[in-house]
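What follows is each chain in one-letter form.
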Amino acid sequence: MSESLFKLKGEERIVHSLRSLYTSYGYVKFKMSRFEEYDLYAGNKDFLVSGNIITFTDTDGSLMALKPDVTLSIVKGFREEEGSVSKVSYDEKVYRVSSSSGVFKEITQVGIECLGDIEGVELGEVALLAQKSLLLISDESMLTISHMGVTEGFLGMISSPKAKSEALKYMEEKNISALNKLISEYPESGDALEKLRSLLLLSGSNDEIIKRLREMGADKKSLDELEEVVSVLDSDALRIDFSVLGGMNYYNGITFRGYVKGVPESVISGGQYDKLMARMGKKAKAIGFAVYMDALEKLLEGRDEFNLDVALVYDDETSMSEVLRKAEEIRKSGRSVSTMKKIPQKLKSREVVYLRGGENA
Amino acid sequence: MLNVALPKGRLGEKVYAMFASAGFECPEVLMESRKLVFENEETGVRYFWVKPSDVSVYVERGAADIGVAGKDIIDEYKRDVYEILDLKKGKCRMCVAAKKDFVDNPGTTIRVATKFRNIARTYYSSIGRDIDIIHLNGSIELAPVLGMSDVIVDIVETGTTLKENGLEVIETIMPISARVIVNKASFEFKKNDIIKVINSLEKQIEEKN
């Protein structure tokens, strides 16, 4: 019962536990301004979940934006130091169009970024943290992981640029019929397209999938990296899935998405984004992910049956000190108490305690 | 349990037959009744009948794991779902049609009556044409007849309705057919069942064509 008094709302609880998780791994909290110059986003629109940005003119006439994303700000502010790695975490409000309602919303975005001279250890750690984050949100979760190098390797074998861009689009849609059609239209790239097509419906254990990818002649370096990361993750809540493609201009290497049961879209999205770093003039590598709390709304809503433990109802005969003393007494048992003379219609309390004429009821 | 949204009507019945041969039988589905949800615990499947244009909503929001919807609806509403297979059923075309004597004057804004605002807008912006969209919910053919619009953007199956109203197709925007769509999260959580269905449906489509 004692937990109910301090029970945080779903979102607050998850943000809180994610933050402690990241702190325990040495990720330093990063706090930033709510505004950013619009230029930062204008040049990297397809990195953002939605291209719509709320802008306003600052006092000096420059065009500013309410932050639609956190990663770009972190990359911008990153100072390179050779051989070292900077690990940061954040929980920030961002402003963008919500996928479910189609209107602007304030959304809590929580996440981590690992920038610098990253290698295997960091890749494994970040993927592991993504999986742990999912577990904090729900008992039933799934992390899907892929490697851009594998997809790009096969895409690179397609000679026609038009076929290549179409293939990419169909991969994202998992559109088998359209890929089949593409195979018949571009027989010279048939082999590569066939391989891309078989990436879409990979099934079996992760080991089997990696074995099959090796037989298919997937890029060895990428596959070794993928295999190593997969080996440190909980295989029951992990799937190798190559439809994770969004933002090929930014991501390279490992990319992943997280799903939890009861939410129809991904709640975690991330990966290695050296290409974004390069676009923003940084030599270092980087990997990170974000947890989108707006997607979780569907999971968190409507869980509370009660909004109060005890409604303490008193009458005119009861003295003020008596009411407050009694309330404090109940609170000590770990329950939440609200004092009132009449119970509002919408209030649902677990229990009602009456105080009449100074006596305990 | 695999949740399947079937579009009400003949197409839905055909789709059910394909799912049944993929091993997800539930004979109750085809019985005349007012029930909307049918479940077969043995085969682990639950079917429900919904308005065809709503299938993609059920799938996007995860109430259904898999469903069948027209390409027109998927494109018009840009649903965030996997569009895995082309069933090659319910074939028709998204077209621009106009009165037989219509002469297009590229120097003017063209008035377009349609149910499919986004498809029309995307098409005309791809050819760099300024348009005035008139959104209608039905009897689109009436708009050019009464002179309310210059052209219409609509689905054309046989072209009979167009002909009877003195209209003709002047441009085909894209072919339309029924697509198998899958919710992105369900794909990960129910992978085995979904891949089983997809593989079987693909085989069935190939055999028929």
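The structure displayed is predicted, hence computed values, not measured ones.

Cut-off values and rules
- Residues numbered from 1 in each chain as written.
- Chains lettered and ligands numbered in written order.
- Predicted model: local features only at pLDDT ≥ 70, side-chain atom pairs only at ≥ 80, totals over all residues.
- Heavy atoms only, no water.
- Pairing = 2+ DSSP bridges.
- Helix = DSSP H or I, 4+ residues; strand = E, 2+ residues; numbered from the N terminus.
- Axes fitted to C-alpha atoms, helices over the stretch in contact; angles between N-to-C directions.
- Contact = heavy atoms within 4.5 Å.
- Buried area = accessible area lost by both parts, 1.4 Å probe.
- Salt bridge = Lys/Arg side-chain N within 4 Å of Asp/Glu carboxyl O.
- Polar contact = N/O pair within 3.5 Å; in protein donor to acceptor, adjacent residues only side chain to side chain.
- Nonpolar A, V, L, I, M, F, W, Y, C, P; charged D, E, K, R; others polar.
- Domains from an automatic or database assignment.
- Disulfide = S-S within 2.5 Å.
- Buried < 20%, exposed > 50% of the residue type's maximum accessible area, 1.4 Å probe, protein only.
- Phe/Tyr/Trp six-rings, centres within 6.5 Å; stacked < 30°, edge-to-face > 60°.

### With respect to the sheet that holds strand β7 (residues 110-114) of chain B
What holds strands together in a sheet is hydrogen bonding between their backbones, with the strands either parallel or antiparallel. All names here are of chain B. Across the sheet, 5 strands lie side by side as β8-β7-β9-β6-β10; this open sheet has mixed pairing. In this open sheet, the two edge strands, each paired with only one partner strand, are β8 (131-135) and β10 (167-176). Pairs of neighbouring strands in the sheet enclose a mean axial angle of 30 degrees, with direction left out of account. Looking at chain direction, strand β6 (residues 92-99) and strand β9 (residues 151-156) are connected through 6 bridges and run antiparallel. Across the sheet, the residue bridging to A97 is I152, located in β9. Its contacts with the sheet put helix α4 (residues 117-126) on β6, β7, β8, β9 and β10, and the angle it makes with β8 is roughly 170 degrees.

### Brief notes about the interface of chain A and chain B
Each partner contributes to the interface: chain A provides 28 residues, whereas chain B provides 20 residues. Roughly 2000 Å² is buried in total at the junction of chain A and chain B, and carbon and sulfur atoms are behind 54% of that figure. Applying the counting criterion to the chain A and chain B interface returns 2 salt bridges. A salt bridge links E202 of chain B to R197 of chain A; the nearest nitrogen and oxygen atoms lie 2.5 Å apart. In this assembly, chain A and chain B are joined by 9 residue pairs in polar contact (both at pLDDT 80 or more). Elements with a minimum of two residues in the side of chain A that touches chain B: β7 (141-147), α7 (161-173), α8 (176-185), α9 (190-200), β8 (238-240) and β9 (252-260) of chain A. Among the residues forming the side of chain A that touches chain B, the class breakdown is 10 nonpolar, 8 polar and 10 charged.

### Some thoughts on the pattern of salt bridges
Residue and element names in this part refer to chain B. Under the counting rule described, the total for this entry stands at 38 salt bridges over all chains. Where R79 meets E60, a salt bridge forms, and the shortest distance between an N and an O atom there is 3.5 Å. Highlighted residues: R79 in the loop between α3 (71-77) and β5 (82-86) and E60 in helix α2 (residues 55-60), separated in sequence by 19 residues.

### Some details on the environment of I107 of chain A
Residues and elements named next belong to chain A. Structurally, I107 is set in strand β6 (residues 104-116). Separated by 12 residues in sequence, I107 and Y95 have C-alpha atoms that sit 6.1 Å apart. Sequence-distant contacts of I107, defined by excluding residues within four places in its chain, comprise E92, K93, V94, R96 and D294.

### A few points about the domain arrangement of chain A
According to the domain assignment, chain A contains domain 1 (3-149 + 225-301) and domain 2 (308-360). Just the C-alpha atoms count here: the centres of domain 1 of chain A and domain 2 of chain A sit 45 Å apart.

### Side note on the state of the cysteines
Residues and elements named next belong to chain B. Counting across every chain of the model gives 0 disulfides over all chains. A disulfide-free cysteine, C95 has its sulfur positioned 8.8 Å from the sulfur of C92, the nearest such atom. On the accessibility criterion, C95 (1% relative accessible area) is buried.

### Let's talk about the packing of aromatic side chains
Residue and element names in this part refer to chain A. Applying the stated criterion across every chain yields a total of 9 aromatic pairs over all chains. Ring plane angle 75 degrees and centroid distance 5.0 Å describe the contact between F35 and F56, whose orientation is recorded as edge-to-face. In this pair, F35 is assigned in strand β2 (residues 35-37) and F56 in strand β3 (residues 55-57), connecting sequence segments 21 residues apart. In textbook terms, an aromatic cluster arises when at least three aromatic residues are bridged by ring pairs, as seen for Y22, F256 and F289.

### Let's talk about unusual backbone geometry
Residues and elements named next belong to chain B. With a phi close to 45 degrees, K78 is a non-glycine residue in the positive phi region. Inspection of the secondary structure puts K78 in the loop between α3 and β5. Given a relative accessible area of 56%, K78 falls into the exposed group. At K88, a position not held by glycine, the phi torsion is positive, near 60 degrees.

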